Amino acid sequence: MDKILIRGGKPLKGAVQVRGAKNSTLPLMAAALLGEQPCVLHNVPCLHDVFTMDKLLAEMGMTNEFTGRSMTLDATTVDSQVAPYDLVRKMRASFFVLGPLLGRYGKARVSLPGGCAIGTRPVDIHLKGLEALGARIAIEDGYVIAEGPLAGADIALDFPSVGATENLMMAASRASGVTRLSNAAREPEIADLAQFLNAMGAQISGAGTDLITIVGVDALGGAEHVVIPDRIEAGTFLVAGVATRGDVTVLNANAEHLASVLAKLRAAGAEIEVMGSRIRASAPDGIKAIDVTTQVHPGFPTDLQAQTMAMLCVADGASILKETVFENRFMQVAELVRMGADIELDGNSAVVRGVPALKGAPVMASDLRASAALVIAGLTAEKGETAISRVYHIDRGYERIEERLASLGAEIQRVRE
């Protein structure tokens with residue numbers, strides 16, 4: 001098992017390339033199940049979650065070829081509509097295959113999902129939506145068994161769930177008639193999926209708003225698509241640069257996708273400069289405390305809450321972070337306190353009182369974004385070495401993070417225990 005070792009106290013400086021969005025790539029790969037011709041994705045990140053989805057699709061018979069940062073997916077060879085437990089349990093996004101399997105083949109048997117332990121995240125919203133489309137749903141032995149045919153319907157989501165919005169968009173693209181999704185998720189990844197599906201021949205409008213209209217079609221073909229930049233990865237590098245009092249530029253980023261994050265960094269005293277697809281953040285004199293409340297898009301993303309908390313551990317003053325999306329997303333707190341952070345929890349809120357500096361310590365990653373928070377904390381620590389174990393979590397969402405941070409001047413390395 002690998003560890004990441006960090007000796008902090010050095011400002012990060014330089015530029016780093018942002019990879020394709022993990023949270024876009026996974027549903028895009030699942031959507032290729034709908035295609036009756038091969039699909040090609042470009043700007044695909046090399047991540048464990050992508051490899052897990054690749055294995056799952058191959059298990060169902062899909063022919064995939066991954067070359068460089070491009071992936072060709074051919075669903076014409078699919079001969080199974082079963083997504084087994086041993087793969088789905090590893091990653092919640094595996095559940096994205098339910099919608100396209102049901103939409104194209106009229107049947108699916110998909111294991112209930114696993115993934116990071118940051119909250120219950122029930123799949124009820126997915127299943128209620130599919131039932132509204134006419135699917136017959138049963139749960140047997142830990143599997144969702146779904147059968148069609150599907151017909152368009154008006155569906156009001158109880159919560160603007162990203163995963164449910166994506167699953168229902170994919171299923172409805174092959175349903176007969178018109179489907180209207182209200183209270184739909186508005187994240188950039190939703191619009192990216194809709195663009196890909198439309199390139200395959202779907203008729204989807206309104207993606208990126210809270211009302212999405214899908215006109216079902218008889219068949220979808222192939223398409224070629226470039227995955228959007230990963231806004232969470234871009235935000236993580238910018239926060240790391242600010243936390244270390246550095247000067248970091250992210251390349252191949254989309255500032256519109258990060259508007260709420262950039263606003264909070266500016267409020268903390270960071271200097272932000274946007275130059276097309278380049279975003280520069282610097283804070284040579286440090287930052288001041290701010291209050292942050294996570295919200296669904298376009299609000300502040302929950303996937304950047306942990307990293308922001310690590311940054312605020314060394315801010316001037318007391319900050320309040322409120323988590324409204326997931327009920328168990330302060331798992332990084334105990335490890336940050338081990339490093340000298342002053343954090344007090346009260347339900348879904350955390351009071352973070354900034355300290356002059358953190359200290360290196362052995363810590364353990366608990367989930368993907370908490371892992372990134374511990375890396376940022378280690379980069380700011382002015383004494384000792386931070387040793388982060390269970391870094392397989394971070395490999396799910398950040399490609400070779402230690403090499404890319406080292407290119408910015410960090411003293412960081414990966415070692416095998």
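As a reminder, the structure under discussion sits directly above these lines.
Read on for a plain summary of the structure. (Residues numbered from 1 in each chain as written. Predicted model: local features only at pLDDT ≥ 70, side-chain atom pairs only at ≥ 80, totals over all residues. Heavy atoms only, no water.)

Here's the deal with the layout of surface pockets
At step 1: Here the second largest pocket is characterised by a volume of approximately 280 Å³.
At step 2: Lining the second largest pocket are 20 residues, and of these Ala-243, Arg-245, Val-314, Pro-356 and Glu-382 sit closest to its centre.
At step 3: Of all the secondary structure elements, the ones that give two or more residues to the lining of the second largest pocket are helix 8 (231-243) and helix 12 (368-380).
At step 4: For the lining of the second largest pocket, the residue count by class is 11 nonpolar, 4 polar and 5 charged. (1 Å grid on protein atoms, 1.4 Å probe; cavity = no way out; pocket = protein on both sides within 12 Å on 5 of 7 lines; lining within 4 Å. Points joined across faces, edges and corners; volume = space filled by probe spheres on them. Helix = DSSP H or I, 4+ residues; strand = E, 2+ residues; numbered from the N terminus. Nonpolar A, V, L, I, M, F, W, Y, C, P; charged D, E, K, R; others polar.)

Observations concerning the environment of Thr-324
At step 1: Structurally, Thr-324 can be placed in the loop between strand 19 (318-322) and helix 11 (333-338).
At step 2: By relative accessible area, Thr-324 is classed as partly exposed at 40%.
At step 3: Along the chain, Thr-324 and Val-296 lie 28 residues apart, while their C-alpha atoms are 8.8 Å from each other.
At step 4: The contacts of Thr-324, once residues within four sequence positions are left out, are Thr-293, Thr-294 and Gln-295.
At step 5: At 2.4 Å, the side chain of Thr-324 and the backbone oxygen of Thr-294 are in polar contact. (Buried < 20%, exposed > 50% of the residue type's maximum accessible area, 1.4 Å probe, protein only. Contact = heavy atoms within 4.5 Å. Polar contact = N/O pair within 3.5 Å; in protein donor to acceptor, adjacent residues only side chain to side chain.)

A closer look at the nonpolar core
At step 1: Membership of the largest hydrophobic core comes to 73 residues, with the highest contact counts inside it found for Leu-57, Val-97, Leu-98, Leu-133, Met-169 and Leu-197.
At step 2: It is helix 6 (residues 162-172) that contributes the most residues to this core, 6 residues altogether.
At step 3: One finds Leu-12, Phe-237, Leu-262 and Leu-358 within the second-largest nonpolar core, a separate group that totals 72 residues. (Core = buried A, V, L, I, M, F, W, Y, C linked by side-chain atoms within 4.5 Å.)

Some thoughts on the side chain of Thr-25
At step 1: Structurally, Thr-25 can be placed in helix 1 (residues 22-31).
At step 2: At 2.8 Å, the side chain of Thr-25 and the backbone oxygen of Ala-21 are in polar contact.
At step 3: In contact with Thr-25, other than residues within four places in its own chain, are Val-44, Pro-45, Val-50 and Val-227.

Digging into the sheet that holds strand 6 (residues 82-83)
At step 1: Read across the sheet, 4 strands follow the order 6-7-9-8 without closing on themselves; strand pairing throughout is mixed. Edge positions in the sheet fall to strand 6 and strand 8 (136-140), since each of these pairs with one other strand and no more.
At step 2: Here helix 4 (residues 98-105) sits on the sheet and contacts strand 7 (107-111) and strand 9 (143-147); the angle it forms with strand 7, its principal contact strand, is near 160 degrees. (Pairing = 2+ DSSP bridges. Axes fitted to C-alpha atoms, helices over the stretch in contact; angles between N-to-C directions.)

Quick notes on the sheet that holds strand 16 (residues 271-275)
At step 1: The strand order across the open sheet built from 4 strands is 2-15-17-16, with neighbouring strands paired in mixed fashion. Unpaired on one side and paired on the other, strand 2 (13-17) and strand 16 mark the two borders of the sheet. In this sheet, neighbouring strand axes are inclined to one another by 15 degrees on average, regardless of whether the strands run parallel or antiparallel.
At step 2: Bridge count between strand 16 and strand 17 (residues 278-282): 5 bridges; the pairing is antiparallel. Looking across to strand 17, one finds that Val-274 is bridged to Ile-279.
At step 3: The strands touched by helix 8 within the sheet are strand 2, strand 15 (247-251) and strand 17, with strand 15 carrying the most contacts at an inclination of about 170 degrees.
At step 4: Sitting on the sheet, helix 9 (residues 259-267) touches strand 16 and strand 17, and the angle it makes with strand 16 is about 145 degrees.

As for empty space enclosed by the protein
Which parts of space are left empty comes out when a probe the size of a water molecule is rolled across the atoms.
At step 1: For the structure shown, the criterion picks out 1 cavity of 30 Å³ or more.
At step 2: Volume-wise, the largest cavity comes out at about 40 Å³.
At step 3: Lining of the largest cavity is provided by Thr-236, Ala-240, Ala-372, Val-375, Ile-376, Leu-379, Ile-401 and Leu-405.
At step 4: For the lining of the largest cavity, the elements supplying multiple residues, two or more each, are helix 8, helix 12 and helix 14 (401-406).
At step 5: Take the lining of the largest cavity: its biggest share by element is 4 residues, from helix 12.
At step 6: Split into classes, the residues belonging to the lining of the largest cavity amount to 7 nonpolar, 1 polar and no charged.

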